[in-house]
Amino acid sequence: MGAVGCSGGGGSDYPEGDIEIMAPADPGGGWDQTARAMQRALTEGGVVDENVEVYNVGGAGGTIGLAQFVNDHAGDPNQLMVMGLVMVGAIHLNDSPVDLSRATPIASMITEWEGIVVPADSRYRSLKELLEDFKADPEGISWAGGSAGSTDQILAGLLAREVGVDPARVNYVAHSGGGEANAAILSGSVTAGVSGLAEFIDQVRAGKMRLLAVSSGERIDGVDAPTLKELGYDLVVPNWRGVMAPPDIEEEDRQAITDMIREMRATSIWRQTLRRNDWTDFFKTGREFAAYIEEENRRVERLLQDMNLTK
């Protein structure tokens, strides 16, 4: 019998049996880290007595896993999937036949904020100086970041729009991992880098990169950099992650899962994980989370079209 003690389908306590959490990406990335952090908090935090298993289904920005999740697990409340902003973009980039409207939104969980950096020996001392040259010659400024359609590229496109540059003119250089992007930035083969702050912070603290700005709404404790809003750019860009249930689950089960996630969020293990990984709590549930996904979908769809990445 589950420690949550919430009544699910059939009137019994949820969960009945083991829980499985899909990370729709290869091991080691952000979704995998989030799924395994949930696993620890649920079990070691005493939220559930049952086993919690994490499995990976990589490919196409999470859309392969999403299709499998929706098609194979409809109606099963013991199946959960981690997802986030990257999947919103990947659905459009891959013209996925399955989108997030097919799954059941449970909660947004955390966000990682983006950072904008240049090499320490760059002539750019501020974001204002960098964006002045970017506005004058968009193609002359190259931006290193993660895969095409990632939060990194989305932020570069939003910055372009903010300063009056056609987002399609962003000279974005995609990389398959943070290590590759960092090497390109440090070597000077690109002008600047855009990625999750965690990818850069060690290089910044070692004096090898200069952090020009962060994408959070407020200054980040322990990080000596202004926010985009502070610099006059009306942008707050969270690289958020959340959790979904399959389609066609009972409303009682959806509420029980939400209650379980809320209890997990309150555990000391989860709070310690946020601090250790420099994650920020970003909790939305139910209709609020569903509405947020729809809003993000509209924003990302328009931007990817403006960047000539989708039709």
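Just above sits the structure.
From a predicted model like this one, the values you see are computed outputs, not experimental measurements.

Caption draft 1: Local environment of the overall build of the chain. Each helix and strand in the chain was counted, giving ten helices and twelve strands. Relative to the compact-globule value of 19 Å for 311 residues, the chain shows a C-alpha radius of gyration of 20 Å, a close match. If one aligns the C-alpha atoms of the chain with their principal axes, the spans along those axes are about 65 × 40 × 30 Å. Here the chain holds 311 residues, and 54% of them are scored as buried. Surface summary for the chain: the accessible area is close to 13,200 Å², and the carbon and sulfur share equals 43%. Positive and negative side-chain charges of the chain, numbering 27 and 48 respectively, have mean locations separated by a distance of 8 Å.

Caption draft 2: Seen up close, the nonpolar core. Membership of the largest hydrophobic core comes to 84 residues, with the highest contact counts inside it found for Ile21, Trp143, Met260 and Ile261. Ala144, Ala184, Phe200 and Ala225 belong to the second largest nonpolar core, which has 14 residues in total.

Caption draft 3: Just helix H6 (residues 178–187), in detail. All of the buried residues along H6 are Ala181, Asn182, Ala184 and Ile185. Down the axis of H6, the buried side of the element spans an arc of 160°, and every buried residue falls inside it. Opposite the buried face of H6, by more than 90 degrees, sit the exposed residues Gly179 and Ser187. Buried positions along H6 lie against strand S6 (104–119), strand S7 (142–145), strand S9 (192–196), helix H7 (197–205) and strand S10 (209–214). Among the residues trailing H6, Gly188 stands out with phi positive, at a value near 80°.

Caption draft 4: Representation of the side chain of Gln79 within the structure. As for its position among the elements, Gln79 is in strand S5 (residues 79–84). We classify Gln79 as buried; its relative accessible area is 6%. A distance of 3.4 Å separates a polar atom in the side chain of Gln79 from a polar atom in the side chain of Tyr55. Setting aside residues no more than four positions away along its own chain, Gln79 makes contact with Glu20, Tyr55, Phe69, His73, Met244, Ala245 and Pro246.

Caption draft 5: Expanded view of the packing of helix H1 (residues 30–44) against helix H9 (residues 268–277). Look at H1 against H9: their axes get within 9 Å of each other, and the N-to-C directions meet at 150°. In terms of orientation, H1 and H9 fall into the roughly antiparallel class. Only Ile269, Trp270, Thr273 and Arg276 of H9 make contact with H1, whose side of the interface consists of Thr34, Ala37, Met38, Arg40, Ala41 and Glu44. Partitioned by chemical class, the residues of the contact of H1 with H9 number five nonpolar, two polar and three charged.

Caption draft 6: Local environment of the packing of aromatic side chains. Taken as a whole and judged by the stated rule, the model has five aromatic pairs. Seen from their ring centres, Trp240 and Tyr292 are 5.6 Å apart, and the 65° between their planes marks the pair as edge-to-face. Note that Trp240 is positioned in strand S11 (residues 238–245) and Tyr292 in helix H10 (residues 286–306), a separation of 52 residues in sequence. Like Trp240, the residue Tyr292 is buried in the burial classification.

Caption draft 7: Inspection of the pairing of S9 at higher detail. Summarising burial for S9: five of the five residues are buried, a large majority. Across four bridges, the pairing between S6 and S9 is antiparallel. The partner of Ile116 across the bridge, within S9, is Val194. Summarising the sheet, S7 and S9 pair through two bridges and their orientation is parallel. Counterpart to Trp143 in the pairing with S9 is Ala192.

Caption draft 8: Structural view of unusual backbone geometry. Following Tyr14, the chain continues into Pro15 via a peptide bond in cis, with omega recorded as 0°. Notably, Ala60 is not glycine yet its phi reads approximately 55°, a positive angle. When you line up the elements, Ala60 lands in the loop between strand S4 (52–56) and helix H2 (63–72). Taking the relative accessible area as the measure of exposure, Ala60 reaches 33% and is therefore partly exposed. If you check the backbone angles, Asn308 has positive phi at about 60° while not being a glycine. Along the chain, Asn308 turns up in the segment after H10. Residue classification places Asn308 among the exposed residues on the basis of a relative accessible area of 62%.

Caption draft 9: Main features of H2. Along H2, the residues classified as buried are Thr63, Gly65, Leu66, Phe69 and Val70. Taken around the axis of H2, the buried residues stretch over an arc of 155°, which confines them to a single face. Of the exposed residues in H2, the ones pointing more than 90 degrees away from its buried face are Asn71 and Asp72. The elements touched by buried residues of H2 are strand S3 (19–23), S5, helix H3 (85–93) and S11.

Caption draft 10: Inspection of the pattern of salt bridges at higher detail. All told, the structure shown has 13 salt bridges when counted by the stated rule. Here Arg241 ties to Glu112 by a salt bridge, and the two come within 2.5 Å at their closest N and O atoms. A residue pair is termed long-range when its members are at least 10 positions apart, and Arg241 in strand S11 and Glu112 in strand S6 qualify at 129 residues. Look at Arg241 and you get buried, because its relative accessible area is 6%. What makes Glu112 buried here is its relative accessible area of 13%. Arg123 is paired through a salt bridge with Asp133; the nearest N and O atoms lie 2.8 Å apart.

Rules used in this analysis
Here the residue numbers are simple positions, counted from 1 along each chain's written sequence. The model is predicted, so local features are restricted to residues of pLDDT at least 70 and side-chain atom pairs to those at 80 or more, both for listing and for counting; the totals for chains, interfaces and linings are taken over all residues. Excluded from the side-chain calculations are hydrogens and water; all other atoms, namely the structure's heavy atoms, are used. Only DSSP runs of H or I with at least four residues qualify as helices, and only runs of E with at least two residues qualify as strands; both kinds are numbered from the N terminus onward. Throughout, radius of gyration means the C-alpha value; the globule benchmark is 2.2 Å times the number of residues raised to the power 0.38. Note on classification: 1.4 Å probe, protein chains only; a residue is buried when its accessible area is under 20% of the maximum for its type, exposed when over 50%, partly exposed between these limits. Computed with a 1.4 Å probe, the accessible areas rest on the Shrake-Rupley method; for each residue, only the protein chains presented here act as cover. Counted as positive: Lys and Arg. Counted as negative: Asp and Glu. His and the chain ends are not counted at all. In this description, the location of a charge corresponds to atom NZ of lysine, CZ of arginine, CG of aspartate or CD of glutamate. Only buried residues count toward a nonpolar core. Its members are Ala, Val, Leu, Ile, Met, Phe, Trp, Tyr and Cys residues joined through side-chain atoms within 4.5 Å. What the arc measures is the spread of directions leading from the helix axis to the C-beta atoms. Every residue pair with non-hydrogen atoms within 4.5 Å of one another is taken to be in contact. The definition of a polar contact used here is a pair of N or O atoms within 3.5 Å, where within protein one atom must be able to donate a hydrogen and the other to accept one, and adjacent residues in sequence count solely through side-chain atom pairs. With axes taken as lines fitted to C-alpha atoms, and helix axes fitted only over the stretch in contact, angles between N-to-C directions fall between 0 and 180 degrees. Here is the rule for angles: anything less than 35 degrees is roughly parallel, anything more than 145 is roughly antiparallel, 65 through 115 is roughly perpendicular, and the remaining ranges are oblique. Note on residue classes: Ala, Val, Leu, Ile, Met, Phe, Trp, Tyr, Cys and Pro are nonpolar, Asp, Glu, Lys and Arg are charged, and everything else, Gly too, is polar. Only centres within 6.5 Å qualify two rings of Phe, Tyr or Trp (six-membered ring in Trp) as a pair; their planes then separate them into stacked at under 30 degrees, edge-to-face at over 60, and tilted for everything else. Strands were regarded as paired on the criterion that DSSP finds at least two bridges between them. Salt-bridge detection follows one rule: a side-chain nitrogen of Lys or Arg within 4 Å of a carboxyl oxygen of Asp or Glu.

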